[in-house]
Amino acid sequence: MKRIDKPVLLVVFGASGDLSKRKLIPALYHLAYQNLLPPNFTVIGFARTHYTDEQFRALALEGVREFGSAPLDETIWHWFSQGLFYQTGNYDDLASFKALAECVATLDKQRHTAGNHVYYLATPPSVFHEITTLIHEAGLCAPNPRPESPSAAHCRVVIEKPFGQDLASAQKLNEHLLSLFSEEQIYRIDHYLGKETVQNILVFRFGNGIFEPIWNRNYIDHIQITVAETLGIGDRGGYYDKAGAIRDMVQNHMMQLLSFTAMEPPVVFDPKAVRDQKVNVLRAIRPLKPEEVERSVVRAQYGPGVSDGKEVPGYTSEKGVPADSTTDTYVAWKLEIDSWRWKGVPFYLRTGKALAAKVTEVNIVFRKPPLMLFETMNGDKVPPSNVLTLRIQPDEGIRLSFDAKRPGPSVIIERVAMDFSYREQFGSQPSADAYERLLLDAIAGDTTLFIRRDEVELAWYHVTRVLEGWEAQEQKARKQDKKELVLPKYAAGTWGPKEADELLARDGRYWRNPTSLRLLR
Ligand code: BG6
């Protein structure tokens, strides 16, 4: 990471909340610890809760102590905390924003931040509209000269997820934002793009010469992307019940993993070239017809069970969840990408809460050899031997499996693997928190790892088709009074519903469940 020389003032809306305390402040402090923040770096926390600057600094210190990854160094903390300020205000009140504008102007002078501003919306999406409108009305963010010039003052707006609830609401939010700011000023965040191992997909694919030639339909049988979590929804019932796994994980994080895995090489590594190629993947996904949704997408909800050694209540017994909720906590989706590279190669995506393991990985399953020469391999029934596993988290690494002859007089084949483990290779796990990288990029003005307007809308386009298909299924089931037909259940602590296994079994394939393979020590 390169140190940024241009001083910057960051305003965090929702600064008294969880995201700010757990993620943003600890990430900023860690950047300070690594000497990566610009000189005079200044933060104004803005929220409804009343705090003084000192109280906000104390809250920030708690966050750094509890959630930070860097040791607390007195000198660095002193430097960092002297740049923390707080402004109490309401998100729908112009007077509060005018007061904020005064505070910004004063600090700009005092701390020589030269009008370079980043506004971070770490708030619930219900107030995105008001906050951005008032940022504009209070004159806090003038349009940037296009393209952003290195010497002029800049203003950027960082928007947290969820970005909309469906295609129409995402389009509406985009139109609103674009009536106030230019696309170059809007940084739509997906924290998966800040993960080292997600970025490493691109380095692995395009920094090496030997994988690209086989990264296509001629060599690859299918691709599986798994984002499994062991926890249930905890106390996020109010939010989660309106979102479900498809909005919470698939529309954003999984679509990003899919894009990185399937995209064409960009001609250069710059924001436009990279994002153009990601968008092309989303454009090439074959749109599902309503009647295809039932066959291609499985949704399910967890029932009671034991996950990761802990008792998990059934989803509908969680706090804030209606007893008759039909929200999905699990989704498995078979999708096809109609491009020269991928035609005929299915992508199987799955994600769920309260599953058997916490693991995110991409499995590239290569085709079998055209002839199975070795009898002991039990003919065609043997599963494909060559699988490339990109382990995003935990135990970050990459593994290639293949078959080898066990030493001895007869031909006994054993499945073996070549491993690359971040921990073994670099002596530690990839440590930088995803937010560190993304905050730094937003401060530096690099949009490569942020989501562009067309990207977020295309992802919603496909997800909305699924949502509409589900709605049609529900209406049909309601008429027949058969709710369980549309919403299979799985016990917490398992790998999900049998319907998801059937989704692959119909194609003669099966899910690769990471724990059973004992991947990556
Ligand atoms: C968030 C979702 O975006 O990502 C959460 O809202 C989910 O429900 C989380 O648990 C997963 O992130 P990570 O980095 O732990 O894989």
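This text follows the structure it describes.
Now for a quick tour of the structure. Going along each chain's sequence as written, the residues are numbered from 1 onward. Only residues with pLDDT of 70 or above have their local features reported here, since the model is predicted, and side-chain atom pairs are shown and tallied only from 80 upward, although totals for entire chains, interfaces and linings are computed over all residues. Hydrogens and water are ignored here; the side-chain numbers use all heavy atoms of the structure.

**Some details on the overall build of the protein chain**
Right, on to step 1. Where helices and strands are cited, they refer to DSSP runs of H or I of at least four residues and of E of at least two residues respectively, numbered from the N terminus. The number of helices and strands found in the protein chain is 16 helices and 17 strands.
Right, on to step 2. The C-alpha atoms of the protein chain give 24 Å as radius of gyration, which agrees with the globular expectation for 521 residues (24 Å, within 12%).
Right, on to step 3. Projected onto the principal axes, the alpha-carbon positions of the protein chain cover approximately 80 × 60 × 45 Å.
Right, on to step 4. Taken across its 521 residues, the protein chain has 55% of its residues classed as buried.
Right, on to step 5. The Shrake-Rupley method, run with a 1.4 Å probe sphere, supplies the accessible areas, and residue values consider only the shown protein chains as cover. Entry remark: accessible area of the protein chain is about 23200 Å², with carbon and sulfur atoms responsible for 53%.
Right, on to step 6. Counting 64 positive and 66 negative side-chain charges, the protein chain places the averaged centre of each group 4 Å from the other. Taken over C-alpha atoms, the radius of gyration is set against a globule rule of 2.2 Å times the number of residues to the power 0.38. Residue burial is assigned from relative accessible area. The probe radius is 1.4 Å, only protein chains are included, and a residue is buried under 20% of its type maximum, exposed over 50%, and partly exposed in between. Only four residue types enter the charge count, namely Lys and Arg as positive and Asp and Glu as negative; His and the chain termini do not. Taken as the charge centre is NZ of Lys, CZ of Arg, CG of Asp or CD of Glu, depending on the residue.

**Focus on the state of the cysteines**
Right, on to step 1. To count as a disulfide, a pair of cysteine sulfur atoms needs to be within 2.5 Å. Counting across every chain of the model gives one disulfide.
Right, on to step 2. Here Cys 141 connects covalently by a disulfide to Cys 155, the sulfurs 1.7 Å from one another. Judged by the sign of its S-S torsion, about -110°, the bond between Cys 141 and Cys 155 is left-handed. Placement of the pair is Cys 141 in the loop between α5 (128-137) and β5 (155-159) and Cys 155 in strand β5, with a sequence separation of 14 residues.
Right, on to step 3. The exposure class of Cys 141 is buried, given its relative accessible area of 3%.
Right, on to step 4. Cysteine Cys 103 remains unbridged, with the sulfur of Cys 155 as its closest cysteine sulfur at 16 Å.
Right, on to step 5. With relative accessibility at 16%, the residue Cys 103 sits in the buried group.

**A short note on empty space enclosed by the protein**
Over the atoms, a rolled probe matching the size of one water molecule traces out where space is still vacant.
Right, on to step 1. Grid points spaced at 1 Å and placed over the protein atoms alone form the basis of the search, with a cavity being a set where a 1.4 Å probe fits but cannot get out and a pocket an open set showing protein on both sides within 12 Å along at least five of seven lines. Lining residues have an atom within 4 Å of a point. Grid points are joined across faces, edges and corners, and a volume is the space filled by probe spheres set on the points. What the rule picks out here adds up to five cavities of 30 Å³ or more.
Right, on to step 2. Taken together, 15 residues line the largest cavity, and the ones lying closest to its centre are Ile 189, Gln 251, Asn 252, Ile 451 and Val 456.
Right, on to step 3. Put simply, the parts of the chain that give the lining of the largest cavity at least two residues each are α8 (237-262) and α13 (453-480).
Right, on to step 4. In the lining of the largest cavity, the residues fall into seven nonpolar, three polar and five charged.
Right, on to step 5. Looking at the second largest cavity, the residues that line it are Thr 197, Asn 200, Ile 201, Phe 204, Leu 390, Arg 391, Ile 392, Gly 397, Ile 398 and Tyr 422.
Right, on to step 6. Of all the secondary-structure elements, those providing two or more residues to the lining of the second largest cavity are α7 (196-206), β14 (387-393) and β15 (397-406). Three classes are used: nonpolar for Ala, Val, Leu, Ile, Met, Phe, Trp, Tyr, Cys and Pro, charged for Asp, Glu, Lys and Arg, and polar for all others, with Gly counted as polar.

**Focus: the packing of helix α1 (residues 18-33) against helix α12 (residues 434-444)**
Right, on to step 1. Two numbers describe how α1 lies on α12: the axes approach to 9 Å, and their chain directions differ by 70°. The pairing of α1 with α12 is recorded here as roughly perpendicular in orientation. You can see that α1 and α12 cross each other, and the crossing is right-handed. On α12, the residues touching Leu 19, Lys 23, Leu 24, Ala 27, Leu 28, His 30 and Leu 31 of α1 are Tyr 435, Glu 436, Leu 439, Leu 440 and Ile 443.
Right, on to step 2. Looking at the contact of α1 with α12 residue by residue, the class counts come to nine nonpolar, one polar and two charged. Every angle, taken between N-to-C directions, lies between 0 and 180 degrees, and every axis is a line fitted to C-alpha atoms, over only the stretch in contact when it is a helix. Each angle gets one of four labels, with under 35 degrees taken as roughly parallel, over 145 as roughly antiparallel, 65 to 115 as roughly perpendicular, and the rest as oblique. Left-handed describes a crossing whose near helix is turned anticlockwise from the far helix through less than a right angle; right-handed describes the clockwise counterpart. Here a residue-residue contact requires only that any non-hydrogen atoms of the pair lie within 4.5 Å.

**Re the side chain of Glu 229**
Right, on to step 1. Within the secondary structure, Glu 229 sits in the loop between β7 (220-228) and α8.
Right, on to step 2. On the basis of relative accessible area, Glu 229 is assigned to the buried category, the value being 16%.
Right, on to step 3. Within the structure, Glu 229 has its side chain in polar contact with the side chain of Lys 353 (distance 2.8 Å). In the analysis that follows, any N or O atom pair within 3.5 Å is treated as a polar contact, provided that within protein one partner can donate a hydrogen and the other can accept it, and provided that, for residues neighboring in sequence, both atoms belong to side chains.

**A closer look at the pairing of β7**
Right, on to step 1. Within β7, eight of the nine residues are buried, leaving the element largely enclosed by the surrounding structure.
Right, on to step 2. For β7 and strand β12 (residues 347-352), the ladder comprises six bridges, and the chain directions are parallel. Each residue of the ladder has a partner; that of Val 227, found in β12, is Thr 351. By this definition, two strands are paired if DSSP reports at least two bridges between them.

**Considerations on the nonpolar core**
Right, on to step 1. If you look at the biggest cluster of nonpolar residues, it comprises 155 residues, and the most contacted ones within it are Phe 13, Leu 28, Ile 135, Leu 258, Trp 333, Ile 337 and Phe 347.
Right, on to step 2. Of all the elements, α8 adds the most residues to this core, at 11 residues.
Right, on to step 3. Leave out the neighbours within four places in its chain, and Ile 135 touches Phe 13, Phe 97, Tyr 119, Leu 121, Leu 140, Cys 141 and Phe 181. Among buried residues, the Ala, Val, Leu, Ile, Met, Phe, Trp, Tyr and Cys ones that are joined through side-chain atoms within 4.5 Å form a nonpolar core.

**Notes on the packing of helix α6 (residues 167-180) against α13**
Right, on to step 1. The interhelical angle for the contact between α6 and α13, taken along N-to-C directions, is 165°, at an axis separation of 8 Å. Classified by the interaxial angle, the pair formed by α6 and α13 is roughly antiparallel. Considering the relative orientation of α6 and α13, their crossing is left-handed. Counting all contacts with α6, which are made through Leu 167, Ala 170, Gln 171, Asn 174, Glu 175 and Leu 178, the residues of α13 involved are Arg 453, Val 456, Glu 457, Trp 460, Tyr 461 and Thr 464.

**So, the environment of Val 321**
Right, on to step 1. Along the chain, Val 321 turns up in the loop between β10 (310-312) and β11 (330-335).
Right, on to step 2. Along the backbone, Val 321 and Arg 236 are 85 residues apart, and their C-alpha atoms lie at a distance of 9.1 Å.
Right, on to step 3. Apart from the residues lying within four places of it in its own chain, the contact partners of Val 321 are Ile 233, Gly 237, Asp 241, Tyr 315 and Thr 316.

This is a description of form; function is not addressed.
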